[in-house]
Amino acid sequence: MTDSAGGAAPQRRPQQRKQVLLRLDPSVYEALARWAGDELRSANAQIEFLLRKALAETGRLPKDTGPLPRRGRPPGGSASEPPSA
């Protein structure tokens, strides 16, 4: 895609994720961290998962909300397999 001057159109950068400071009771955080570990998530990912679930259940999740970012290794094979040529 080019602009009217003949150059390439600027790429749209993905929207950056927001950072939020959250203060929690230490026992609530410990319970959340254990729950997150049981589901192989970080505490941060668990909080986002739960917030999205609550928003969706109450009909407040914006329609343009993207999927949860995938964490960990990308799909496509095990580490023990040699790369294909």
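Residues numbered from 1 in each chain as written. Predicted model: local features only at pLDDT ≥ 70, side-chain atom pairs only at ≥ 80, totals over all residues. Heavy atoms only, no water.

Per an unreviewed UniProt entry, the chain is named Toxin-antitoxin system HicB family antitoxin, and its organism is Streptomyces alanosinicus.

I would appreciate a short explanation of the overall build of the chain in the present structure.
Looking only at helices and strands, the chain features two helices and zero strands. Out of the 85 residues in the chain, the part that is buried amounts to 8%. For the chain, contacts bridging at least 24 residues in sequence account for 15% of all contacts bridging at least 6. Accessible surface, the chain as shown: approximately 8,300 Å² in total, 55% of it carbon and sulfur. (Helix = DSSP H or I, 4+ residues; strand = E, 2+ residues; numbered from the N terminus. Buried < 20%, exposed > 50% of the residue type's maximum accessible area, 1.4 Å probe, protein only. Contact = heavy atoms within 4.5 Å. Areas by Shrake-Rupley, 256 points an atom, 1.4 Å probe, with all protein chains shown as cover.)

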